[in-house]
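A closer look at the structure
Letter by letter, the chains look like this.
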Amino acid sequence: MAMTASSRAPLAGGSSDNERSPFVRLNELLAPHQPGKPLISLAVGEPQHPVPDFVGPVLAKHIADFGRYPMNQGTEPFRQAASAWLSSRFRLPRQLDPKSEILVLNGSREGLFLAAIAAARYVGPRPGKPAILMPNPFYPVYGAGAGAAACEPVYLPTTVENGFLPDLDAIDEATLARTVAFYLASPANPQGSVASRDYFTRLKSLADRHNFVILSDECYSEIYTREAPGSALECAGPDFTRVVAFQSLSKRSNLPGLRVGFAAGDKKLIGMFLELRNIAAPQVPVPLQHVAIVAYGDEAHVEENRRLYRIKFDLADQIIGNRYGYRRPDAGFCVWLNTSEIGDDVSVTLRLFKEAGVRVVPGSYLARRQPDGFNPGAGYIRLALVQDSETTAQALHRLVETLG
């Protein structure tokens, strides 16, 4: 059924829990209590695998570059490395131009936020209230970006029935006509679903027909245990028109603290994005870009990273089995468990903390309620398998023993 205005709009109420960080809310939920066993946190998607060996020596070699301001566009060697990596990793229509189609970022989060503002300038006025579409549950920065761009966030429920990806057929024409941008996470956070080539092609067709921008969040693309996910850039056409993909070293290279990523795609939008960054965003330090150059030129550490995650998902397969609607995700490092038969997701989260010492995130904190009251994250909990395999196995055993 097509989405109408009444099924789209977020609940009113000003500054509500809907607008707050899920992790701040989780801290408040657990603060009055003590963990029942030594704490194991599976809540934050912060990779805990070792930092690659090359990071220290590269930083030391380029330490003097901390003494000068970097260019907002990024160094030429970094942009060349990012472009070369994209061409080797994905089946692109052509190699992206490092000078005009690649832009360095302080991690993908900064880019995803500012991209909404750049997209609104790119597409111009819309008929009616401009809108930015996003999956629900979603990465909170999407909503923040929509707000900063003075656009209405339109939440598209992602459920087991639609493969945990937005149902493109359920979006009505009136909404598409006023759409500025469409945030898509593939691999999805939290469910780990991956958009197919056909899905990307269909979305690109909608973007062309209604003149909106696809903001494709692909920061989990290198964490997979079977098939490598594709990119929206593969289906963007020879000029990558209306498509920008976002990448980061946080997950790929276990460098969440480095804060280096990039945006790649539509030349015109990248140019407008750069103009915005020139006045509104901090530059990325040059020594960190040197680390990124080496990281994007090395796949050995990435394959080792994937090997460690495969071990942990093998453990999840064995320990969780067919409980809680578990399925091994297509990509990413999160597990999305349906615990609705045991209790609501907040009470289950609290119980796991108080009885098992395992910290997880309630699914309802990662999503927003639709006006009819439906929260597509309700009844689920998210686990991030970022700890070592022994700790992960211990946490999963505790979870199963506690919940039954």
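All values derive from a computational prediction rather than experimental measurement.

Here's the deal with the packing of aromatic side chains
Summed over all chains, the structure comprises 14 aromatic pairs. Arranged with centres 4.5 Å apart and planes meeting at 10 degrees, the rings of Tyr 142 and Tyr 183 form a pair that is stacked. Of this pair, Tyr 142 sits in helix α6 (residues 140–148) while Tyr 183 is found in strand β5 (residues 179–185), placing the two residues 41 residues apart along the sequence. Taking relative accessible area as the criterion, Tyr 142 reaches 1% and is therefore assigned buried. Assessed through its relative accessible area of 0%, Tyr 183 is described here as buried. Here Phe 262 and Tyr 296 contribute two aromatic rings whose centre-to-centre distance is 5.5 Å and whose plane-to-plane angle is 65 degrees, an arrangement assigned as edge-to-face. Of this pair, Phe 262 sits in strand β8 (residues 261–265) while Tyr 296 sits in helix α11 (residues 286–296), and the two are 34 residues apart along the sequence. Grouping aromatic residues by their ring pairs yields a cluster made of Phe 78, Trp 85, Phe 90, Phe 262 and Tyr 296. The ring centre of Tyr 122 lies 5.2 Å from the NZ or CZ of Lys 268, which sits over that ring.

Details of the UniProt feature "domain: Aminotransferase class I/classII large" (unreviewed entry) in the chain
According to UniProt, the feature "domain: Aminotransferase class I/classII large" (unreviewed entry) maps to residues 38–398 in the numbering used here. Helix makes up 38% of residues 38–398 and strand 15%, with an end-to-end C-alpha separation of 11 Å.

Digging into the nonpolar core
Core analysis: the biggest nonpolar cluster contains 49 residues, and Leu 86, Phe 182, Leu 233, Val 260 and Phe 262 have the highest contact counts within it. Every residue in contact with Leu 86, bar those within four places of it in the chain, is listed here: Leu 92, Leu 96, Ile 102, Leu 233, Phe 262 and Ala 264. Residues Leu 112, Leu 114, Leu 215 and Phe 246 belong to the second largest nonpolar core, which totals 35 residues.

With respect to the domain arrangement of the chain
Domains assigned within the chain are domain 1 (22–45 + 300–403) and domain 2 (66–297). Once you take the C-alpha centre of each, domain 1 and domain 2 turn out to be 26 Å apart. On the side of domain 2, 29 residues touch domain 1, which itself brings 27 residues to the contact. Among the residues domain 1 hides against domain 2, the three largest losses belong to Arg 306, Trp 336 and Arg 368. Together they make up 20% of the total. Our count for the contact surface shared by domain 1 and domain 2 stands at zero salt bridges. Summed over the shared surface of domain 1 and domain 2, the number is 13 residue pairs in polar contact (both at pLDDT 80 or more). If you list the elements that add at least two residues to the side of domain 1 that touches domain 2, you get α12 (300–320), β9 (334–338) and β12 (380–384). Sorting elements by how many residues they give to the side of domain 1 that touches domain 2 places α12 first, with seven residues. A class-by-class count of the residues in the side of domain 1 that touches domain 2 yields 14 nonpolar, six polar and seven charged.

Things to note about the sheet that holds strand β2 (residues 102–105)
Two pairing modes exist for strands in a sheet, parallel and antiparallel, and in both the strands are linked by backbone hydrogen bonds. With mixed pairing, the seven strands of this open sheet are ordered in space as β2-β8-β7-β6-β5-β3-β4. Two strands bound the open sheet, and with one partner strand each, they are β2 and β4 (152–157). Taking the axes of each pair of neighbouring strands and ignoring which way they run, one obtains an average angle of 20 degrees across the sheet. The pairing of strand β3 (residues 131–136) with β4 spans six bridges and is parallel. Its bridge partner being in β4, Met 134 is matched across the sheet by Tyr 155. Where helix α4 (residues 76–89) meets the sheet, it contacts β2, β7 (243–248) and β8, and its direction lies at approximately 65 degrees from that of β8.

Examining helix α13 (residues 345–356)
Compared with the 16 Å implied by 1.5 Å per residue over twelve residues, the 15 Å span of α13 between its first and last C-alpha is a close match. Those residues of α13 that fall on the buried side of the exposure criterion are Asp 345, Val 348, Thr 349, Leu 350, Leu 352, Phe 353 and Ala 356. Along its buried surface, α13 packs onto α2 (22–30), β10 (358–359), β11 (361–362), β12 and α14 (389–403).

Some words on the packing of helix α5 (residues 107–123) against helix α10 (residues 267–280)
Between α5 and α10, the least distance of the axes is 9 Å, while the angle of their chain directions is 115 degrees. As the angle between them shows, α5 and α10 are arranged roughly perpendicular. For α5 against α10, the interelement crossing comes out right-handed. Touching Glu 110, Gly 111, Leu 114, Ala 115, Ile 117, Ala 118, Ala 119, Arg 121 and Tyr 122 of α5 are Lys 268, Leu 269, Met 272, Phe 273, Leu 276 and Arg 277, all from α10. Here the residues of the contact of α5 with α10 are counted per class, giving ten nonpolar, one polar and four charged.

Structural notes on empty space enclosed by the protein
All chains considered together, the criterion is met by one cavity of 30 Å³ or more. As for the largest cavity, its lining consists of 14 residues, of which Pro 135, Pro 137, Ala 185, Ala 188 and Gln 191 are closest to the centre. The class makeup of the residues in the lining of the largest cavity is eleven nonpolar, three polar and no charged.

About the criteria used
- Residues numbered from 1 in each chain as written.
- Predicted model: local features only at pLDDT ≥ 70, side-chain atom pairs only at ≥ 80, totals over all residues.
- Heavy atoms only, no water.
- Phe/Tyr/Trp six-rings, centres within 6.5 Å; stacked < 30°, edge-to-face > 60°.
- Helix = DSSP H or I, 4+ residues; strand = E, 2+ residues; numbered from the N terminus.
- Buried < 20%, exposed > 50% of the residue type's maximum accessible area, 1.4 Å probe, protein only.
- Lys NZ or Arg CZ within 6 Å of the ring centre and 35° of its normal.
- UniProt positions renumbered as here; feature names shortened; annotations may be inferred.
- Core = buried A, V, L, I, M, F, W, Y, C linked by side-chain atoms within 4.5 Å.
- Contact = heavy atoms within 4.5 Å.
- Domains from an automatic or database assignment.
- Buried area = accessible area lost by both parts, 1.4 Å probe.
- Salt bridge = Lys/Arg side-chain N within 4 Å of Asp/Glu carboxyl O.
- Polar contact = N/O pair within 3.5 Å; in protein donor to acceptor, adjacent residues only side chain to side chain.
- Nonpolar A, V, L, I, M, F, W, Y, C, P; charged D, E, K, R; others polar.
- Pairing = 2+ DSSP bridges.
- Axes fitted to C-alpha atoms, helices over the stretch in contact; angles between N-to-C directions.
- Expected span 1.5 Å × (residues − 1).
- Parallel < 35°, antiparallel > 145°, perpendicular 65-115°, else oblique.
- Left-handed = near helix turned anticlockwise from the far one by under 90°.
- 1 Å grid on protein atoms, 1.4 Å probe; cavity = no way out; pocket = protein on both sides within 12 Å on 5 of 7 lines; lining within 4 Å.
- Points joined across faces, edges and corners; volume = space filled by probe spheres on them.

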